[in-house]
Structure formats: structure tokens, C-alpha cells
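Observations on the three-dimensional arrangement
Here is how the chains run, residue by residue.
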Amino acid sequence: MKSIFIDCSLGISGDMLLSALVDLGVPSSIFLDNLTSLNIDRNYNLEFKEGDSDGIKGMICIKTEIQFHESSKSLIDIKNLLLDSNLNDYVKRQSIRVFETLAKAEAIVHGNQILDVHFHELGTIDSILDIVNVCSAIDFLKPDKIFFSNPPAGKGIVSTSHGPLPVPVPTVLEIARQEKIPLMVLDDEYFGEITTPTGIALIATFIDRYGQPDNINIKKIGIGLGSKNISRPNFLRVLLVDSNDDSFENNNKLFYETIISQEAWIDDSTPEDVAVLIERLRSSGAIDVICYSVDMKKNRKGICIQAIVYPKHKNSLREVWFNYSTTIGIRENNISRCKLPRRTVTHETKFGKVNIKQVMRPNGKISIKLEHKDLSKITLNTGIPIEEIRQKLIIELSEFYELDDWSL
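Residues numbered from 1 in each chain as written. Predicted model: local features only at pLDDT ≥ 70, side-chain atom pairs only at ≥ 80, totals over all residues. Heavy atoms only, no water.

Right, let's get into the packing of helix α8 (residues 271–283) against helix α9 (residues 314–324). Two elements in contact, α8 and α9, have axes whose closest approach is 9 Å; the angle formed by their N-to-C orientations is 160°. The orientation of α8 relative to α9 falls into the category roughly antiparallel. The crossing of α8 and α9 is right-handed. Every residue of α9 that contacts α8 at Leu-277, Arg-280 and Leu-281 is listed here: Leu-317, Val-320, Trp-321 and Tyr-324. The class makeup of the residues in the contact of α8 with α9 is 6 nonpolar, no polar and 1 charged. (Axes fitted to C-alpha atoms, helices over the stretch in contact; angles between N-to-C directions. Helix = DSSP H or I, 4+ residues; strand = E, 2+ residues; numbered from the N terminus. Parallel < 35°, antiparallel > 145°, perpendicular 65-115°, else oblique. Left-handed = near helix turned anticlockwise from the far one by under 90°. Contact = heavy atoms within 4.5 Å. Nonpolar A, V, L, I, M, F, W, Y, C, P; charged D, E, K, R; others polar.)

On to the packing of aromatic side chains, then. Counted according to the given criterion, the structure contains 2 aromatic pairs. Relative to Phe-48, the ring of Phe-31 has its centre 5.8 Å away and its plane inclined at 50°; by these criteria the two rings are tilted. Of this pair, Phe-31 sits in helix α2 (residues 29–37) while Phe-48 sits in strand β2 (residues 46–53), and the two are 17 residues apart along the sequence. A relative accessible area of 3% means that Phe-31 is categorised as buried. Judged by its relative accessible area of 16%, Phe-48 is buried. Look at Phe-99 and Phe-119: their rings are 5.7 Å apart centre to centre, the planes differ by 65°, and that puts the pair in the edge-to-face class. Placement of Phe-99 in helix α4 (residues 89–110) and of Phe-119 in strand β5 (residues 118–119) is noted, with a sequence separation of 20 residues between them. (Phe/Tyr/Trp six-rings, centres within 6.5 Å; stacked < 30°, edge-to-face > 60°. Buried < 20%, exposed > 50% of the residue type's maximum accessible area, 1.4 Å probe, protein only.)

The next subject is the packing of helix α1 (residues 14–24) against helix α5 (residues 125–141). Packed helices, taken two at a time, are described by the angle their axes make and the gap between the axes. Contact geometry for α1 and α5: axes closest at 9 Å, N-to-C directions at 30°. Considered as vectors, α1 and α5 are oriented roughly parallel to each other. Our pair here, α1 against α5, has a crossing hand that is left-handed. Across the interface between the two elements, Gly-14, Asp-15, Leu-17, Leu-18, Leu-21 and Leu-24 of α1 pack against Asp-130, Asn-133, Val-134, Ala-137, Ile-138 and Leu-141 of α5. Considered class by class, the residues forming the contact of α1 with α5 number 8 nonpolar, 2 polar and 2 charged.

This part covers the environment of Asp-295. Among the structural elements, Asp-295 can be located in strand β14 (residues 286–295). Put simply, Asp-295 and Phe-147 are 148 residues apart on the chain and 40 Å apart in space, counted from C-alpha to C-alpha. In this view, Asp-295 contacts Arg-300 and Lys-301; residues no more than four positions away in its chain are not counted. Looking at Asp-295, its side chain comes within polar contact range of the side chain of Lys-301, at 2.6 Å. (Polar contact = N/O pair within 3.5 Å; in protein donor to acceptor, adjacent residues only side chain to side chain.)

Here you go:
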């Protein structure tokens, strides 16, 4: 599986990310095509040159200075510009998503409706091209997944069209809040903006998962340099990797993935409350939930409740733990697991329609399991013992071993 890991732990902006993607191998010629597609003066040119930042070599984006008569643009203005262009559908769609993310945040910050938001710095040709070009570069690479590190918050005060603002600027903070993007506190002597609104909006648009992928095989590294001299290395890097995370291994037909275990030990809830909690965890995305008794401090009898969950649902379960249980802390661990290909299909039998789970073993053999809920319904309707129904159906379905359309 081809993935990219964007390490923005020192900061992220549109042009830094774009430079890193060029250094990774994206041809800069596609950005010239974007100028034509957007009907922008071709004399406006992006140039990418090798440079260094405090001894770190990388690519830096240099923009030709052209005087445009630029006014602030509304979200509708920018959407019309993109929709009327000759950009491909993917680039149009993702670019609009970035601007919609920015507009939602700006609307909250300034107390406006989204349609009343006008972009100032973010509506310039520079910013539009940064966003469109990053979307084009991602489209060129076509990664299966995109991973980001947590971006840094930064500190200090910056000058904007609205006057001096604290860092992180309000738009960055609002996007981080809305999209649940954790901002990292960087031990840094630099005072200024290191995560820009464009940078964090790009994270919100393209993120599949935070943190680096598991078991990575690095194929290529791209380094994008920032334009500011901040008395320390100022760069962002993009890693092109082959990742076994969430991938299917054809040699033994095993599916490997990383899931998360969350657990809490509770000694001050009733069994009825625990039952409700378990149901809430399951309905919020837990793959499964178990509980068992444990001996806790002061010889108290308690209950260990453990849930396993996919990473994308871990925050939803955290809210359940802390809002609907008495626990004040949970333990979390990443777990690697492998599972066999399986599918659930419906088959017409002499007893009616029955759902069947088929599992393909590594040796090529297929095992089947009948849905117990369907067996229960049949036994209630016919009076035939459930084991007798099971045996008859297994014989009837012994040839039902189609190999097509398997899912994991």
C-alpha cells in the first residue's frame, strides 16, 4: 500500500508542503498547467530551488512578483473561479473543501454567516495557487492513505489585515477545534506563526490518520523549506512509504491492521449502569466490549471493562467513557491484529433466507457459520431443534463456496 506521511512537527504552510511534494518527485510542470486552467497570467511563475535551512537541505518555493489588482474574495467567488476552471474534478473538489474549511472557521471567528465571509490574505492569487497546487500534487501521487504528525501551535504575535493577533491566530485555533486537530506545544525560541491557516486547512482536508504508519518501508523523502529565517531548521518533510498497515498480504491471505484497546477498572458503578455503558461503547463504534471481575485496592471487587476500537472511533469512545461512566481515566494501547478474509452472504434454503458468514483459510479451504439469529427464528416457527436445523443447513450449503466478491 502506497502512503505518504507528512511530518509537520516544525510547522506547516501551503508553500512548504508544496515544496516538499516537489522534492518528493511531483513535476512542477503540472503547476504551470494550473495557471492556464485558472486563466492566470502565465508570467506569474513558481520556481523551486534547492536551498538549506540551518544546514538542512531541501526545496524552497520562489514566486515571481507580479502586481495584481487584488480585492478580497468571498467563498462564492473562489468556488466559481474553481468550478469555471479547467482543473480536473478531484482538484476542484478538494480545493473547494479546503476553502470551505477556512470559511467555516472565519465565520465563527468574525461572527458572520459563511456566505458573508471575505478572504483577505487567504483570497490572494498566492493562497489560491498554493491550495490548488497542493491538491494537484496529491492527485498526481494518488496515495492510498495520508498520515500527518501533530502540527505545532506556535506562539507570539503576528500582523494581519485585522491588526496584530496572537499565535495561533483565531482561524487556526477554530479549525483545530472544529476538526479535532491536536496542536503540539513546541519547545521553541521562535515567536511567530509556524502553522498557517492554509496549512491546517490542508491537514483537515487530507488527513486519514495522525502519527506515522506502522511497519513503514521508506521509498523516498521530500523536504520543503520555509521562507522565514527563524534561527533553527525550518522545514517540513514528506515520506513516500510502503506500509503494511491495513494491508492485505496475498502470500498467506491474512489481513493486518492496527486497532486500539481502551480499558477502565471500575468499582463504584452498579451492574445496571455497567450494562448501559457497554451498550453505549458498542453503539459509538467499538468493535467489541468485554468485562470481567478484578480485585482492586482495599480488597474491593471491581469490573474491568475493555473495548477494542478502530483508530477513527477512539475519540468517540473517549467521550462515552468520560461522560457516561464513573471512571476518571482509561488505559489505551495499540494492538496489531491479523484476520482472515470473510464475507456475509444471504442464501435461499428450504427453511427460507439464511445469513451465512464464510471465512477463507490460508490453505484455501472455506468454513461457514450460520447466523444464530436466523436459526432461532426458524426453530420458533417450525418447532425443529436448533441443532437439527444447523446440521441440515450445513449439508444443504456444503457446495456453497463461491470465491468471488470477498471482502475483509
